[in-house]
Amino acid sequence: MKIVLAQLNYHVGNFSDNALKIIEAIEFGKSKSADLVVFSELAVCGYIPHDLLEQRDFVDKATHTAVEIAAHCTGIAAILGCPTINTNEKGKHLFNSALFLCNGRIERIIHKTLLPTYDIFDEYRYFEPNDSFSLIEYNNHKIALTICEDLWDEQESQTEFVNEKLYKQSPLQVLSAMGANLVINIAGSPFSYNQSELRKNVLLKNAARYQLPIVYVNQIGAQTEVVFDGGSLVINKKGEIVSELAYFEEEIRLFDTSEINSTTPVRLTEINKIEKIHKALVLGISDYFSKMKFTKAVLGMSGGIDSALTLALAAEALGNRNVHALLMPSRFSSKGSVDDSVDMLKRLNSSYDIISIEDMYMQCLGSLHDHLPKDAPGIAGENLQARIRGLMLMAYSNRYGHILLNTSNKSEAAVGYTTLYGDMSGGLSVLGDVYKTDVYALSELVNRSQEIIPRNIITKAPSAELRYDQKDSDSLPEYPLLDSILFEYIERKKSPSEIISAGFDEAIVRKVIHLVDSNEYKRFQAPPIIRVSSKAFGFGRRMPLVAKF
């Protein structure tokens, strides 16, 4: 059987464009005499639709669009994801379904069994789980049609506290016992740099355990903060990959099932962690702007590495002439910071303005002279500078329609070294899920072919430059140490005692974790963050603001 794997970039709620992509892939399949075209999870409406699923019009539109797509499936079949209505008297009102389209109509509907409710996933909020199983018989194949999580009944634990047996049921165990000879899995599997290999391992183990070939089709593209990286696969019954599609790119590929067990396993795509993060961030920026119909961005350039990297990524994603920078020096800004920023902007041929905030800062201090110490305004004075800069950036954004890009990194956000209504402002946070140590690594990657980010920016000591001779290390551990503790606490969910037992200094650990916990209220008000790890701030990490623990 000739199968087309259609790895596409969808747009939530954009039914017309999604349908056009799907129909074009079906027509491509016809031109190649294919028997079946496979699309990804919830392809019709885009994934993740969140509470749009609670609107009847949205679900009806998805259903009508699927019927229109089915009309093109004559002489060829297709499998694609779509929400469907649960007509039973009990249970949630929707299913997360895979539609089998053939003979110009929707011939079969298979529902998702395992509904994830961890990290960014909240599927049981909307969907009823499947409780009955059957195979699809087509073209001499008995197909076990599954949807993403249905193959994730066993997961490799990231922490000792997590149960590896996450679900009580194994859909593929049931379907294999029914005589399946091919598994098709349509997926909406998001990217995270520290779990990308886990996904492959899950699929390979299933193929080897049940001695069944697997055709796995994922999607690519970004939906606000969530990035999908593609990497669709064909796996033989030995658990070997015989075809691997591109990462972070749309691709349509034809494969013949008769070749699955005779094809030599492929050499897997080798992409290191930093390259993956780079691709994810560029795609995240690009899709956020294109899907929202935005074209231009503005950001504040401080002379530091975070704003420099954000500028480089935005220029790559949007085009250097579509990114504008404001340089807003105060009395505490070094001449080098301004000069380095101008140097980089000229290298990229991006536009910029230099607007001193000194007069505004002094006027604000004057207005507050009865309320702030005249000789040492302290943190309030430091934050005042950040808020003046935020005010200027938002004014520029309002006037010219440029979307403000937030430049804060994950290390800063974690410990609260950001200012509400100041440098936390923005429509999209580019580096909010990137630790400072990875910011440096990404900057070196950006410079791999030519020096885009000046060396002075990369090598100078990190500083907010909100007071004289200020350095981040004055009040924080050095970033390699800080980031190691943060990773254990946030991504690996380790307790303070576990982190200390691993060899970290107790005083430093307790200080860092206190900073993380006490600044949750700030992160609650942050802009959406492009997710590149398994535990980003935002939807995937829901902590109470007023807890005492």
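As shown above, the structure is provided for reference.
Attention in this report is confined to the structure presented alongside it. (Residues numbered from 1 in each chain as written. Predicted model: local features only at pLDDT ≥ 70, side-chain atom pairs only at ≥ 80, totals over all residues. Heavy atoms only, no water.)

1. Focus on the overall build of the protein chain
The test is simple: Strands here are runs of E lasting at least two residues and helices are runs of H or I lasting at least four, both read from the DSSP assignment and numbered beginning at the N terminus. Every radius of gyration here is taken over C-alpha atoms, with the globule rule written as 2.2 Å times N^0.38, N being the number of residues. Buried, partly exposed and exposed residues are distinguished by accessible area as a fraction of the type maximum, computed with a 1.4 Å probe on protein chains only: under 20%, between the cut-offs, and over 50%, respectively. Here, Shrake-Rupley sampling with a 1.4 Å probe gives the accessible areas, and only protein chains in the shown set may cover a residue.
Broken down by element type, the protein chain carries 16 helices and 19 strands. Taking 2.2 N^0.38 as the reference for a compact globule, 549 residues should give roughly 24 Å; the C-alpha atoms of the protein chain span a radius of gyration of 26 Å, in line with that estimate. Across the 549 residues of the protein chain, 56% fall into the buried class. For the protein chain, the exposed area adds up to about 23700 Å²; of that, 51% sits on carbon and sulfur atoms.

2. Digging into the sheet that holds strand β19 (residues 428-429)
Here is the rule: Each pair of strands is called paired provided DSSP finds at least two bridges between the two strands. Here, residues are in contact when the closest pair of their heavy atoms is within 4.5 Å. Axis lines are fitted through C-alpha atoms, for helices just across the contact stretch, and the angle between N-to-C directions can take any value from 0 to 180 degrees.
One open sheet holds the five strands; their spatial order is β17-β16-β15-β18-β19, and the pairing between them is parallel. Only two strands of the sheet have a single neighbouring strand rather than two, namely β17 (351-354) and β19. Bridging between strand β18 (residues 403-406) and β19 involves two bridges; their strand directions are parallel. Looking at the pairing, Leu-405 lines up with Leu-428 of β19. The strands touched by helix α9 (residues 378-400) are β15 (297-301), β16 (323-327), β17 and β18; relative to β15, the strand with the most contacts, the crossing angle is about 160°.

3. Describing the layout of surface pockets
Note the cut-off: Two kinds of site are reported from a 1 Å grid over the protein atoms alone, namely cavities, where a 1.4 Å probe fits but cannot get out, and pockets, open sets with protein on both sides within 12 Å along at least five of seven lines, and residues are called lining when an atom falls within 4 Å of a point. Grid points are joined across faces, edges and corners, and a volume is the space filled by probe spheres set on the points. Polar here means any residue other than Ala, Val, Leu, Ile, Met, Phe, Trp, Tyr, Cys and Pro, which are nonpolar, and Asp, Glu, Lys and Arg, which are charged; Gly is therefore polar.
Its boundaries defined by the atoms lining it, the second largest pocket holds a volume of some 670 Å³. Along the walls of the second largest pocket sit 24 residues, with Tyr-489, Asp-517, Arg-541, Met-543 and Phe-549 positioned nearest its centre. Sorting the residues of the lining of the second largest pocket by element identifies α13 (479-490), α15 (506-518) and α16 (520-523) as the ones contributing at least two each. Taken together, the residues of the lining of the second largest pocket sort by class into eleven nonpolar, three polar and ten charged.

4. Focus: the pairing of strand β8 (residues 182-186)
Counted residue by residue, β8 has five buried out of five residues, so it is predominantly covered. Neither face of β8 is exposed, since Leu-182, Ile-184 and Ile-186 on one face and Val-183 and Asn-185 on the opposite face are all buried. Examined bridge by bridge, strand β7 (residues 141-147) and β8 share five bridges and lie parallel to one another. Along β8, the bridge assignment pairs Ile-147 with Ile-186. One ladder, built from four bridges, connects β8 with strand β9 (residues 214-217); its direction is parallel. Across the sheet, the residue bridging to Asn-185 is Tyr-216, located in β9.

5. Some details on the sheet that holds strand β12 (residues 233-235)
In space, the six strands of this open sheet follow the order β6-β7-β8-β9-β12-β13, with mixed pairing throughout. Sheet topology places β6 (136-138) and β13 (241-244) at the edges, where each strand pairs with a single neighbour. Sheet twist, expressed as the mean angle between neighbouring strand axes with direction ignored, is 20°. Judged from the three bridges that link them, β6 and β7 form a sheet pairing that is antiparallel. In the sheet register, Glu-137 faces β7, and the bridge partner there is Lys-142.

6. Things to note about the packing of aromatic side chains
Centre-to-centre distance and the angle between the planes together describe a pair of aromatic rings. Condition: A pair of Phe, Tyr and Trp rings is counted when the ring centres sit within 6.5 Å of each other, with Trp represented by its six-membered ring. The angle between the planes then sorts it: under 30 degrees is stacked, over 60 is edge-to-face, the rest tilted. Should the NZ of a Lys or the CZ of an Arg lie within 6 Å of a ring centre and within 35 degrees of the ring normal, that charge is described as sitting over the ring.
Evaluation of the coordinates by the stated rule reveals eleven aromatic pairs. With a centroid separation of 6.3 Å and an interplanar angle of 65°, the aromatic rings of Tyr-126 and Phe-127 are classed as edge-to-face. As far as the burial class goes, Tyr-126 and Phe-127 line up, both buried. Above the face of the Tyr-124 ring, Lys-92 is positioned so that its terminal group lies 3.6 Å from the ring centre.

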